[in-house]
Amino acid sequence: MKTISTKKAPAAIGPYSQAIQVGNLVYTSGQIPIDPATGAFAEGGIKEQTRQSLTNVKAILEEVGLTMSHVVKTTVFMADMNDFADMNSVYAEFFTEPYPARSAVAVKTLPKGALVEIEVVAECV
């Protein structure tokens, strides 16, 4: 098992790692829309927050030489399922066919009041 960490994504705010590699799989922790340069949420609504969350995921994967095309599974947590279409439009900017498998769920609250949190599993080749 290998810990993955980068300063290009927000530092963990608890007792967890940004990502862990086990064998040929990388598991990221859920990424909320914190801009690592400022420590603040990306300004705007669900679209901007989704873009920042996925940018954080991308930075973590890049730390081990992976791209978003290596992602095989995503889980998207949203504070409001009414934001699904807007989240999905930004999500589509980060992935191409064949798209990863995905779950998207609405939850009561997310850390720090985020509108979205995204975690992924990627395969090393």
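Conventions used here
- Residues numbered from 1 in each chain as written.
- Predicted model: local features only at pLDDT ≥ 70, side-chain atom pairs only at ≥ 80, totals over all residues.
- Heavy atoms only, no water.
- Phe/Tyr/Trp six-rings, centres within 6.5 Å; stacked < 30°, edge-to-face > 60°.
- Lys NZ or Arg CZ within 6 Å of the ring centre and 35° of its normal.
- Core = buried A, V, L, I, M, F, W, Y, C linked by side-chain atoms within 4.5 Å.
- Buried < 20%, exposed > 50% of the residue type's maximum accessible area, 1.4 Å probe, protein only.
- Helix = DSSP H or I, 4+ residues; strand = E, 2+ residues; numbered from the N terminus.
- Contact = heavy atoms within 4.5 Å.
- Salt bridge = Lys/Arg side-chain N within 4 Å of Asp/Glu carboxyl O.
- Polar contact = N/O pair within 3.5 Å; in protein donor to acceptor, adjacent residues only side chain to side chain.
- Pairing = 2+ DSSP bridges.
- Axes fitted to C-alpha atoms, helices over the stretch in contact; angles between N-to-C directions.

### Section: the packing of aromatic side chains
What characterises a pair of aromatic rings is the spacing of the ring centres plus the angle enclosed by the ring planes.
Logical step 1: Taken as a whole and assessed by the stated rule, the structure comprises one aromatic pair.
Logical step 2: Lying across the ring of Tyr-91, Arg-102 places its NZ or CZ 4.4 Å from the centre.

### Details of the nonpolar core
Logical step 1: Within the largest apolar cluster, 25 residues are counted, with the highest numbers of intra-cluster contacts made by Val-26, Leu-54, Leu-61, Met-68, Val-71, Val-76 and Phe-95.
Logical step 2: Counting only elements with at least two residues in this core, the list comes to α1 (46–62), β4 (71–78), α2 (84–94) and β6 (116–123).
Logical step 3: Ranked by residues supplied to this core, first place goes to α1 with six residues.
Logical step 4: The contacts of Val-26, once residues within four sequence positions are left out, are Ile-4, Ala-19, Ile-20, Gln-21, Leu-61, Val-64, Leu-66, Val-120, Val-121, Ala-122 and Cys-124.

### Some details on the environment of Met-1
Logical step 1: Within the secondary structure layout, Met-1 lies in the segment before β1 (2–4).
Logical step 2: With 30 residues separating them along the chain, Met-1 and Gln-31 place their C-alpha atoms 20 Å apart.
Logical step 3: With residues up to four places along the chain from it excluded, the contact list for Met-1 reads Ile-20, Gln-21 and Val-22.

### Focus on the pattern of salt bridges
Logical step 1: Following the criterion strictly, the structure yields one salt bridge and no others.
Logical step 2: The partner of Arg-51 in a salt bridge is Glu-93, and the shortest N-O contact between them spans 3.1 Å. Here Arg-51 is found in helix α1, whereas its partner Glu-93 is found in helix α2, with 42 residues between them in sequence.
Logical step 3: The exposure class of Glu-93 is exposed, given its relative accessible area of 52%.

### Considering the side chain of Gln-31
Logical step 1: Locating Gln-31 in the fold gives a position in the loop between β3 (25–28) and α1.
Logical step 2: Not counting chain neighbours up to four residues away, the residues in contact with Gln-31 comprise Ala-9, Pro-10, Gln-18, Ser-53, Asn-56, Val-57, Ile-60, Val-116, Glu-117 and Ile-118.

### A word on the side chain of Thr-74
Logical step 1: Mapped onto the fold, Thr-74 is located in strand β4.
Logical step 2: A distance of 2.9 Å separates the side chain of Thr-74 from the side chain of Tyr-91, its partner in a polar contact.

### Observations regarding the sheet that holds β1
Logical step 1: Spatially, the six strands line up as an open sheet ordered β1-β2-β3-β6-β4-β5, and their pairing is mixed. Strand pairing shows two members of the sheet lacking a second neighbour, β1 and β5 (101–106), which therefore form its edges. Each adjacent strand pair in this sheet contributes to an overall mean axis angle of 15 degrees, direction not counted.
Logical step 2: Two strands pair when backbone bridges link them, and β1 and strand β2 (residues 19–22) are joined in this way by three bridges, in the antiparallel orientation. Paired with Thr-3 across the strands is Ile-20, a residue of β2.

### Concerning the pairing of β6
Logical step 1: Counted residue by residue, β6 has six buried out of eight residues, so it is predominantly covered.
Logical step 2: As paired strands, β3 and β6 are joined by three bridges and run antiparallel to one another. Across the sheet, residue Val-26 finds its bridge partner in β6, namely Ala-122.

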